[in-house]
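# What the coordinates show
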Amino acid sequence: MNFLARSVRAVRPVRMVRSYATEAASAGLRLTFAVPHQTIFKDVSVTQVNIAAVSGDMGILASHVPSIEQLRPGVIEVIEAAGSKKFFVSGGFATMNPDSSLNINAVEAFPVEEFSAETVRHNLAEAQRQSNSASTEEEKLAAKIEVEVLESLQAAISAK
Amino acid sequence: MFASRAQPVASVLSAGVQTRNMGTLREIQLRLNAIKNIGKITKSMKMIASTKVGKAQRAMESARVYGSSSASIYKNANTVPLENEDKVYIVSSSDRGLCGGIHSSVAKATRRMMAADGASSNVIVLGDKAKNQMSRTNRGDIQLSFNQIGKAIPTFAEACAAADTIKTSGVKFDTATIVYNEFTSAIAYEATPINVYSPEALKAADAFAAYELDDEVLENYNEFLFANNIYWGLVEGHASEMSAKRTAMENATKNAGEMVDRLTMTYNRSRQAAITSELVDIITGASAL
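Residues numbered from 1 in each chain as written. Chains lettered and ligands numbered in written order. Predicted model: local features only at pLDDT ≥ 70, side-chain atom pairs only at ≥ 80, totals over all residues. Heavy atoms only, no water.

## Some words on the interface of chain A and chain B
Counting residues at the interface gives 26 residues for chain A, matched by 21 residues for chain B. Interface of chain A and chain B: buried area, both sides summed, is about 2000 Å²; carbon and sulfur atoms make up 60% of it. The largest per-residue losses of area from chain A upon contact with chain B belong to Pro36, Ile68 and Phe93 of chain A, which jointly make up 32% of the total buried on that side. Counting every contact that joins chain A to chain B gives 0 salt bridges. Summed over the shared surface of chain A and chain B, the number is 12 residue pairs in polar contact (both at pLDDT 80 or more). Looking at the side of chain A that touches chain B element by element, the count peaks at 4 residues for strand 8 (residues 92-96) of chain A. When its residues are assigned to classes, the side of chain A that touches chain B shows 11 nonpolar, 13 polar and 2 charged. (Contact = heavy atoms within 4.5 Å. Buried area = accessible area lost by both parts, 1.4 Å probe. Salt bridge = Lys/Arg side-chain N within 4 Å of Asp/Glu carboxyl O. Polar contact = N/O pair within 3.5 Å; in protein donor to acceptor, adjacent residues only side chain to side chain. Helix = DSSP H or I, 4+ residues; strand = E, 2+ residues; numbered from the N terminus. Nonpolar A, V, L, I, M, F, W, Y, C, P; charged D, E, K, R; others polar.)

Structure, rendered in structure tokens:
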């Protein structure tokens, strides 16, 4: 029952992702989005947050089912009353609490506008080369992770 | 440091001033120069620490938001440790000294917690000074020690490396308590624990069932929380240490200044006494003619 409820909720907001959500609940969604060296949002009232989770993309509104999602390298879009902002995160976790507060902890997150496509392309080629020439299993895995993050970043920059 | 040494020296000097002669003037002068130099060193150390405090405090604000938001799950789910869980204490300090009571504060708090536990627990120390402190009483319990901590503001990469090393080191533990110095104000800090609960304790927490979670994600989540809490403890501990170092160096400079004043007075009095006695010799010699 739970699984069904979640999949229904996950699907509905994604189709509505282009539109602003209406005043969903009286409490409103409160977002705290932090990386180790910087606090991007601290207990800010927002309308909707779209996250790229390992289990799939999802849009989170107030009164979303409480859950803990692992984030994959991808774009997090924060939709406020004033407008929307997109951040590329390298990974982390998003925790939706029963009191309509959402905590997103990411290892690194930057606005998508701040990336330069040229540098990403260059780094991606470098990482691909390294993943092919890596000797130990660990190096190969590290290079593959880097390639995955950079490919996702490239897709995010070109999608905007 | 300086305050404890000043008292005996001053009393010796004032007692012996009546019998002073020219020889000791040189001694006082040497001592005066030495203390002036020390005062210059502590003053510059204070200024360096002041600039570092500003940066460390800003990093601490971000780390606090990051760490407390990440650890809020424990509070929200009403997590408590399970019975018979292996505990490990992670004492977060640094390699550097001259920072007041920072290292002894975390060590004392850890010892107090270990005594309240009853059974002996494993200890992991972050920082050589913490290792020295804990070795005094619990040398056998120290399983792992890290150094090269405290030179700069701790980064998340360092915290991750530490968490990784701890996890793969074979130290058996279910729940961890990170003891660090909480930055309560610019002049005060307090040793505080951060509890990192085991995945089992989290699953057993009563309000945790409300959260939807894939099982394979739970283990990753736990490791993530572990690294986040270590990061938080390291960064806030670093900020407390910088502020304590600033205070300690400020006190040291003030004490050195006071000693210089006192010694200068003594020096001048000795000098004048020597001149007076010479004059007296000359005058009595002249009046005898």
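## Brief notes about the sheet that holds strand 2 (residues 122-126) of chain B
All names here are of chain B. With mixed pairing, the 5 strands of this open sheet are ordered in space as 3-2-1-4-5. Looking at which strands have only one partner, the edges of the open sheet turn out to be strand 3 (142-146) and strand 5 (188-196). Shown here is a sheet whose adjacent strand axes are inclined to one another by a mean of 20°, direction ignored. Where strand 2 and strand 3 come together, 4 bridges link them in parallel fashion. Its bridge partner lying in strand 3, Ile124 is registered against Leu144. Sheet strands touched by helix 4 (residues 128-138): strand 1 (87-92), strand 2 and strand 3. Its angle to strand 3, the strand with the most contacts, is close to 160°. Against the sheet, helix 7 (residues 215-288) engages strand 1, strand 2, strand 4 (175-185) and strand 5, with an angle of about 35° to strand 4. (Pairing = 2+ DSSP bridges. Axes fitted to C-alpha atoms, helices over the stretch in contact; angles between N-to-C directions.)

## Remarks on the pattern of salt bridges
Residues and elements named next belong to chain A. Scanning the entire structure with this criterion turns up 9 salt bridges over all chains. The partner of Asp57 in a salt bridge is Arg72, and the shortest N-O contact between them spans 2.9 Å. Pair noted here: Asp57 is in strand 4 (residues 56-60) and Arg72 is in the loop between strand 5 (67-71) and strand 6 (74-79), with a separation of 15 residues, a long-range link. Looking at Asp57, the relative accessible area reads 47%, which means it is partly exposed. Given a relative accessible area of 31%, Arg72 falls into the partly exposed group. The partner of Glu126 in a salt bridge is Arg129, with the nearest N and O atoms 2.7 Å apart. Taken together, the residues span about one helical turn, with Glu126 and Arg129 both in helix 2 (residues 117-133) at a distance of 3 residues. (Buried < 20%, exposed > 50% of the residue type's maximum accessible area, 1.4 Å probe, protein only.)

## A look at the pairing of strand 3 (residues 48-53) of chain A
The two faces of a sheet get side chains in turn, since along a regular strand they alternate between them. Residue and element names in this part refer to chain A. Counting buried residues along strand 3, 6 of its 6 residues qualify, which places the element largely inside the surrounding structure. Residues Gln48, Asn50 and Ala52 point to one face of strand 3 and Val49, Ile51 and Ala53 to the other, with burial holding for every one of them. The hairpin formed by strand 3 and strand 4 contains 2 residues between the paired strands.

## Brief notes about the domain arrangement of chain A
All names here are of chain A. Domain annotation of chain A identifies domain 1 (20-113) and domain 2 (115-159). Each of domain 1 and domain 2 has a C-alpha centre, and the two are 25 Å apart. The interface is formed by 8 residues belonging to domain 1 together with 7 residues belonging to domain 2. Counting the surface lost from both domain 1 and domain 2, the interface buries some 650 Å², and carbon and sulfur atoms represent 72% of this. Looking only at domain 1, the three residues that lose the most surface to domain 2 are Pro73, Phe88 and Val112, adding up to 69% of its buried area. Counting the contacts that link domain 1 with domain 2 gives 3 residue pairs in polar contact (both at pLDDT 80 or more). Its residues assigned to classes, the side of domain 1 that touches domain 2 comprises 6 nonpolar, 1 polar and 1 charged. (Domains from an automatic or database assignment.)

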